[in-house]
Amino acid sequence: MRPTSFSPAAGSPVLVLLGTDADGAPAPRLADPAVPHLSVTDQGVTRGDGIFETALAVADGLGTLRMRKLGAHLGRLAASASALQLAAPEAAAWEAAVALGLRAFTEANDVAPGDRLAVRLTVTRGPDAAPGAVPTPTAWALLSPAPVVEDEERRRGLRVLLLDRGIDSQAPERSPWLLTGAKTLSYAVNMAALRYARDHGADDVVFTSADGYLLEGPTSTVLIVRTGEDGVRRLLTPLRQKGILAGTSQAVIFAAAHADGWELGYGPLVPADLQGAEGVWLVSSVRGVLPVRAVDGVEIPVDHELTGMLQAHLDADGDPGRHVSGDPVPTAG
């Protein structure tokens, strides 16, 4: 039988299984991440039928761990669940699970200011159910020490390849079952793209649509700074309606940049927009803001001052407000 309680060891990941009590209230419990918890018939394993979010928790000056962008991540998780018609736990259940996990990690470790945890929230459709029966979802939160992005990597920048995703920019509207805007467990293609890039002398990838639009990285959102023909410098990101995942980090950065007086733009963008840009970045919750230094072997500028500004906006973890969903800012040229 599984234990009803578990105390994690120092330095080890913390696993929290989601559940409810007899009254239906959230009742998360700690579990041993080193032993099995999934059925071999779980559809998350057999079909990749599930969703996830990966967030960052950072210890403040007092050593208190707090998950960044919690509302934005839970909002995107709910949107992904809706796209998959998946009965995922409500926000309150995830909040309780994350709070329990952060407490457990703190109690087991000497947490210092600046310490970082990767917080992965996962829900699957659960084990195969009998015909006519409704599957019971499986949900958990896993908190693990996050890898540190070295200053040298952020200073040096990334070499990226542009790779065709193989679908055109109208496919998401024409074929919603492709789930291009949901964060699903089906990441085999994304990982294959990264392996391809590394086998060909690059560090990362920016996907393009079959009809030539910039999309996103396998695990990141693209940001570009360009000065338009009108002489105005803008912070840009590809148009979400072209079939990309809404970026929580991009939303936080856009909200802070807008408050600082920046003009913003949401594509549509094409590969030519990368050339002549003042900077290009890949941004994500755990790795943060990483500049791009070459696209398909062609060097592009790396602006360290802008990198620092964008990273500071992300670290401030402000409210993304209206930038968190849709493409709220008019298209900029």
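So, how was this worked out
Residues numbered from 1 in each chain as written. Predicted model: local features only at pLDDT ≥ 70, side-chain atom pairs only at ≥ 80, totals over all residues. Heavy atoms only, no water. Helix = DSSP H or I, 4+ residues; strand = E, 2+ residues; numbered from the N terminus. Expected span 1.5 Å × (residues − 1). Buried < 20%, exposed > 50% of the residue type's maximum accessible area, 1.4 Å probe, protein only. Phe/Tyr/Trp six-rings, centres within 6.5 Å; stacked < 30°, edge-to-face > 60°. Lys NZ or Arg CZ within 6 Å of the ring centre and 35° of its normal.

Under the annotation held in an unreviewed UniProt entry, the protein chain carries the name 4-amino-4-deoxychorismate lyase and is attributed to Micrococcus yunnanensis.

Participant: Provide a residue-level description of helix α3 (residues 91-108), including the pertinent values.
Facilitator: Along its 18 residues, α3 runs 26 Å from first to last C-alpha, staying within 8% of the 26 Å computed at 1.5 Å per residue. Among the residues making up α3, those that are buried are Ala93, Trp94, Ala97, Val98, Leu100, Gly101, Leu102, Ala104 and Phe105.

Participant: How would you sum up the packing of aromatic side chains? Please name residues and give values.
Facilitator: For any pair of aromatic rings, geometry is given as the distance between the ring centres together with the angle between the planes. Tallied over the full model, the rule gives 2 aromatic pairs. Taking 5.1 Å as the distance between ring centres and 75 degrees as the angle between the ring planes, the aromatic pair formed by Phe52 and Tyr187 counts as edge-to-face. Highlighted residues: Phe52 in strand β3 (residues 50-59) and Tyr187 in the loop between α5 (171-174) and α6 (188-199), separated in sequence by 135 residues. For the residue pair Phe52 and Tyr187, the accessibility class agrees, reading buried in each case. Relative to Tyr266, the ring of Phe254 has its centre 5.2 Å away and its plane inclined at 55 degrees; by these criteria the two rings are tilted. Taken together, the residues span a long stretch of sequence, with Phe254 in helix α7 (residues 248-259) and Tyr266 in strand β11 (residues 263-266) at a distance of 12 residues. Across from the ring centre of Phe52, 4.0 Å away, lies the NZ or CZ of Arg120, which sits over that ring. The ring centre of Tyr213 lies 4.2 Å from the NZ or CZ of Lys242, which sits over that ring.

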